[in-house]
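Inside the fold
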There are 4 protein chains.
Amino acid sequence: MAEQPAVASDCQCGNSDHQHGYIAAKDAYLKRLRRIEGQARGLQRMVDEDAYCIDILTQVSAMTKALQSVSLELLTDHMNHCVVDAAAKGGDEAQAKIDEAMAAISRFVK
Amino acid sequence: MAEQPAVASDCQCGNSDHQHGYIAAKDAYLKRLRRIEGQARGLQRMVDEDAYCIDILTQVSAMTKALQSVSLELLTDHMNHCVVDAAAKGGDEAQAKIDEAMAAISRFVK
Amino acid sequence: MAEQPAVASDCQCGNSDHQHGYIAAKDAYLKRLRRIEGQARGLQRMVDEDAYCIDILTQVSAMTKALQSVSLELLTDHMNHCVVDAAAKGGDEAQAKIDEAMAAISRFVK
Amino acid sequence: MAEQPAVASDCQCGNSDHQHGYIAAKDAYLKRLRRIEGQARGLQRMVDEDAYCIDILTQVSAMTKALQSVSLELLTDHMNHCVVDAAAKGGDEAQAKIDEAMAAISRFVK
């Protein structure tokens, strides 16, 4: 979890005024996801070469932690942009954004 | 989580008498890991195409669940083979295998 | 996770205009926490009466799920009131509330 | 998670040859569960006194961690005694104990 995107993303709330800086964050996410893809390939190699089960499990744990870290980062960006913007406008849309974010958080926890 | 390997793997405990059937389980694991690799590529495409943040999070959750399912299956195979064999022999090695399995389980939970 | 407080709480953001309805939600939380306290006593009874380990673990899981459910409810109330209010005002306080909520969410997930 | 029972429990596998030492472990578990019961009462007090939501969530997280720690300890004792004993005997009972333990582990993870 060492790396943090230098610039926050807005992960597309549908308003254009947050586009600045998006490119840098996107590159950081893509880099992390490519590394996760590499971990999935590494696991296939381990299985293919009959690696010891516990060693495979250790790598699966590392990959799961990397995914959770991406999730938390994406959620933070989403809260900082889409949810804050909707809340500032208020009304039904604010409530809908909060409900949607809470549903995503529940999926994490369960 | 629909699929279950038709034949249990032994994920290499270092004893050769469990090798029978290993090929079938290995293929099932490789198939699941290839699908997980595909999910990692799908996430990169979503980020690249500026997908909505919550939709990306939903896919990350699905991928995390798929990884957890592989973990539980690997752990089950490991318990059914390596741990059971070591326990049958008893002594220090049995204890070492249990400690090692519990350490892997702790990494899941935390 | 059947029960939901009939009226949302605001769990004290420091603004008085959300006090209406707080009493009803408070009662619902207290009722759930009393039941969780009862589960903790039930576990002591099980240990004391030498219950089977797996049966104790099943009860610990049920108690953990009940706690997670309270957490998610509290977080939802917090988002719906404190975070939404702060976001509507904007500025540093909005950011501080989001950061604080994200730190709480990270503690859940890890 | 500082404290560890000085003597391992066997949490009742139905064989009497592990009874030695059970009393000490039982006392350690009871002490931890009483503390968890105290945390549940502390949470009620916080809700009753309108504590800040995030502070309540922090306490719920601490209580959940304490429960998870008890779970892992109970599972370790169970593996070290009931599962090892059943595995040493082999056959259907060994398989049944492993299946039961894996079902308990799955409940943790999900």
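What you are looking at is a predicted structure, and each value in this text was computed from that prediction instead of being measured.

What follows is about the interface of chain B and chain A. Every contact between the two is made by 42 residues of chain B and, on the other side, 42 residues of chain A. For the pair chain B and chain A, the summed buried area comes to about 3,900 Å², and 67% of that belongs to carbon and sulfur atoms. Taken as a group, B:Gln44, B:Tyr52 and B:Leu57 account for 14% of the area that chain B buries against chain A, more than any other trio of residues on that side. Our count for the contact surface shared by chain B and chain A stands at 4 salt bridges.

Quick look at the packing of helix α3 (residues 91-109) of chain C against helix α2 (residues 53-89) of chain D now. Two elements in contact, α3(C) and α2(D), have axes separated by 10 Å at closest approach and are oriented at 10°. Looking at the two axes, α3(C) sits roughly parallel to α2(D). Where α3(C) abuts α2(D), its residues C:Glu100, C:Ala101, C:Ala104, C:Arg107 and C:Phe108 lie against D:Ile54, D:Leu57, D:Thr58, D:Ser61 and D:Lys65. The residue makeup of the contact of α3(C) with α2(D), split by class, is 5 nonpolar, 2 polar and 3 charged.

Right, let's talk about the relation of the copies chain C and chain A for a bit. Taken as rigid bodies, chain C and chain A are interconverted by a rotation of 180° and an axial shift of 0.0 Å, the fit giving an RMSD of 0.0 Å. Such a combination of turn and shift is consistent with a two-fold rotation axis. Considering only C-alpha atoms, the part of chain C nearest the rotation axis is C:Ala88, at 2.0 Å.

How each quantity is defined
- Residues numbered from 1 in each chain as written.
- Chains lettered and ligands numbered in written order.
- Predicted model: local features only at pLDDT ≥ 70, side-chain atom pairs only at ≥ 80, totals over all residues.
- Heavy atoms only, no water.
- Contact = heavy atoms within 4.5 Å.
- Buried area = accessible area lost by both parts, 1.4 Å probe.
- Salt bridge = Lys/Arg side-chain N within 4 Å of Asp/Glu carboxyl O.
- Axes fitted to C-alpha atoms, helices over the stretch in contact; angles between N-to-C directions.
- Helix = DSSP H or I, 4+ residues; strand = E, 2+ residues; numbered from the N terminus.
- Parallel < 35°, antiparallel > 145°, perpendicular 65-115°, else oblique.
- Nonpolar A, V, L, I, M, F, W, Y, C, P; charged D, E, K, R; others polar.
- Least-squares fit on C-alpha atoms with pLDDT ≥ 70 in both.

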